[in-house]
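As a plain string of letters, each chain reads:
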Amino acid sequence: MMEERMKTMLEEGTSLSDVPMPKRYEVWLTARQKKSGDYTSEATTLVASKIEELVEKNIQGTYVPEGREDILTKAIGTKEHPGRIRTEGRFVGFKEYYGKSSRSTSKGISMDDLHIISVSLVNHWQLLVVCPDDNIIYWFCSLGNQPSKSFKDTLLRAMRGYNILRGRIANKKPNFITIKAHQQKNSWACGYYVMKNMFDIIQTGIFQGLHEIYDDPSSYDKDVIDNIRQLWAQFFLQIVEEQHQLEEKEIRS
C-alpha cells in the first residue's frame, strides 16, 4: 500500500522531501501484510476492515480523529502502552509522539493490564487470557474442551483475590468466556495452537472483545503451523543470544 504510493509518486517526478509521511494505520497494516496482499491473521483482517470504515467516515466528515484517539487506536480499541507508541519504535512515548495533552478518557486496556497464561491440563495445552480491569477471563482450547468446575472455581477465586489486593471491589463475579477458537485435527498440535493465539493477540494489540474476533473453528494449515514454529524458535534463539551477550559483558567488566 505505502510502497506502491511512493513508487508512483517517484515515477511522476515527486522528490522524496515532498513524499508525505505514511499514516500510523498504514504502517501498522503494511507490517502485517503478506506479499499476496492477505493479512497475517483473522484479527488483523478485522482491524483492517475497521480502519477502512473509519478512513471512509473521515473522508465523509462523519468521524474526526483527535490526538491519541487516532484511526489506528480507534480501530484496535485499546489504548497505547504508556512507554511506547505502535509503529514508532521502542523509545517513542506519548510525549514524544503526541505532545502533552489533557487526560484521555478513552476506554481500553494495555499489555500491562493483561495476563496471557498457557496451561497444560491432562496432557493438553490450553490458553487463558485474563483481563482484570474488565473482570473477564477468556478460554482458548483447540479441542473445544471446557475446564473442570474445580479449575474454573480456582480461577474465579484467584481473580477475586487479585482484585482485592489491587483495592478493587470484588463482589462482582468474573465473566468466563469460552472462545470459539481454531480446532486441531491431530493429537499433537495443541502447543502450536496456543502459541499462534498468543502471537496474534500480542501482534495485533487487541485485548478486548476476543470472543467477537476469534470465531473460526477451522484447523490451521501446515504452513501456518510451520510458520509459528519458526517464529518462536527465532524468538527463543534471540533471547538465548541476548543472555549470552549479557553474561559475556558481565565477565569482561
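Residues numbered from 1 in each chain as written. Predicted model: local features only at pLDDT ≥ 70, side-chain atom pairs only at ≥ 80, totals over all residues. Heavy atoms only, no water.

1. Here we look at the overall build of the protein chain
Quick note on the threshold: Only DSSP runs of H or I covering at least 4 residues are called helices, and only runs of E covering at least 2 are called strands; the numbering of each starts at the N terminus. Exposed residues in this analysis have more than 50% of their type's maximum accessible area, buried residues have under 20%, and partly exposed residues fall in between, with area computed by a 1.4 Å probe over protein chains only. Working rule for contacts: check all heavy atoms of both residues, and any pair within 4.5 Å makes them a contact. Using a 1.4 Å probe, the Shrake-Rupley method yields the accessible areas, and only the shown protein chains count as cover for residues.
When you go through the protein chain residue by residue, the secondary structure sums to 9 helices and 4 strands. Of the regular secondary structure in the protein chain, the N- to C-terminal order runs α-α-α-α-α-β-β-β-α-β-α-α-α. Taking all 253 residues of the protein chain together, the buried fraction comes to 36%. Partitioning the contacts of the protein chain with sequence separation of at least 6, the portion at a separation of at least 24 is 58%. Of the accessible surface of the protein chain, which amounts to about 16,000 Å², a share of 53% is contributed by carbon and sulfur atoms.

2. Focus on unusual backbone geometry
Residues other than glycine seldom take positive phi values, yet Asn 123 does so here, at roughly 60 degrees. By secondary structure assignment, the location of Asn 123 is in the loop between β1 (115-120) and β2 (125-131). Even without being glycine, Asn 135 reaches a positive phi, approximately 60 degrees. Looking at the element boundaries, Asn 135 is found in the loop between β2 and β3 (136-140).

3. Notes on the nonpolar core
The tendency in soluble globular proteins is for nonpolar side chains to be buried as a group. Basically, it comes down to this: Residues grouped as a nonpolar core are buried Ala, Val, Leu, Ile, Met, Phe, Trp, Tyr and Cys residues, joined through side-chain atoms within 4.5 Å.
If you look at the biggest cluster of nonpolar residues, it comprises 35 residues, and the most contacted ones within it are Ile 51, Val 129, Tyr 138, Phe 140, Ile 201 and Leu 210. Elements supplying a minimum of two residues to this core: α2 (24-30), α3 (42-60), α4 (71-76), β2, β3, α7 (190-204), α8 (210-213) and α9 (222-252). Among the elements that make up this core, the one with the highest residue count is α3 (6 residues). Sequence-distant contacts of Ile 51, defined by excluding residues within four places in its chain, comprise Tyr 25, Trp 28, Leu 29, Ile 71, Leu 72 and Ala 75. Listed in part, the 11 residues of the second largest apolar core include Val 130, Ile 137, Phe 151 and Leu 156.

4. Here's the deal with the confidence of the model for the protein chain
What counts, and what does not: Looking at any residue, its pLDDT shows the predictor's confidence there, from 0 to 100.
Taken as a whole, the protein chain shows an average pLDDT of 77; of its residues, 75% reach a score of 70 or greater. Per-residue pLDDT stays below 50 along residues 80-108; that stretch engages in 57 contacts with residues further than four places along the chain or on separate chains.

5. Re α7
Operational definition: A helix's residues, less one, multiplied by 1.5 Å, set its expected span.
Across its 15 residues, α7 extends 21 Å between first and last C-alpha, which sits within 8% of the 21 Å expected from 1.5 Å per residue. Here α7 lies mainly inside the structure; 11 of its 15 residues are buried. All buried positions along α7 are accounted for by Cys 190, Tyr 193, Val 194, Met 195, Lys 196, Asn 197, Met 198, Asp 200, Ile 201, Gln 203 and Thr 204. Following α7 by one or two positions, Gly 205 adopts a phi angle in the positive range, close to 75 degrees.

6. Focus: the sheet that holds strand β4 (residues 175-178)
In sheet architecture, strand pairing relies on hydrogen bonds along the backbone and comes in two forms, parallel and antiparallel. Which entries qualify depends on this criterion: The rule for pairing is simple: two strands pair if DSSP sees at least two bridges between them. All axes are obtained by fitting lines to C-alpha atoms, using only the stretch in contact for helices, and the reported angles, taken between N-to-C directions, cover 0 to 180 degrees.
Pairing is mixed in the open sheet, where 4 strands are placed in the order β1-β2-β3-β4. The strands lining the two open edges of the sheet, one partner per strand, are β1 and β4. Taking the axes of each pair of neighbouring strands and ignoring which way they run, one obtains an average angle of 20 degrees across the sheet. Pairing of β1 with β2, which is carried by 6 bridges, proceeds in the antiparallel orientation.

7. Quick look at the pattern of salt bridges
What counts, and what does not: Each salt bridge in this description consists of a side-chain nitrogen of Lys or Arg and a carboxyl oxygen of Asp or Glu lying within 4 Å of one another.
Following the criterion strictly, the structure yields 5 salt bridges and no others. Asp 153 is the partner of Lys 149 in a salt bridge, and the nearest nitrogen-oxygen pair spans 2.8 Å. One end of the pair, Lys 149, and the other, Asp 153, are both in helix α6 (residues 149-165), 4 residues apart, so they sit about a helical turn from each other. For the salt bridge of Asp 200 with Lys 196, the shortest nitrogen-to-oxygen distance reads 2.7 Å. Separated by 4 residues within a single helix, Asp 200 and Lys 196 lie in helix α7, roughly one turn from each other. We classify Lys 196 as buried; its relative accessible area is 7%. Each of Lys 222, Asp 226 and Arg 229 takes part in salt bridges that share partners, so that together they form one network.

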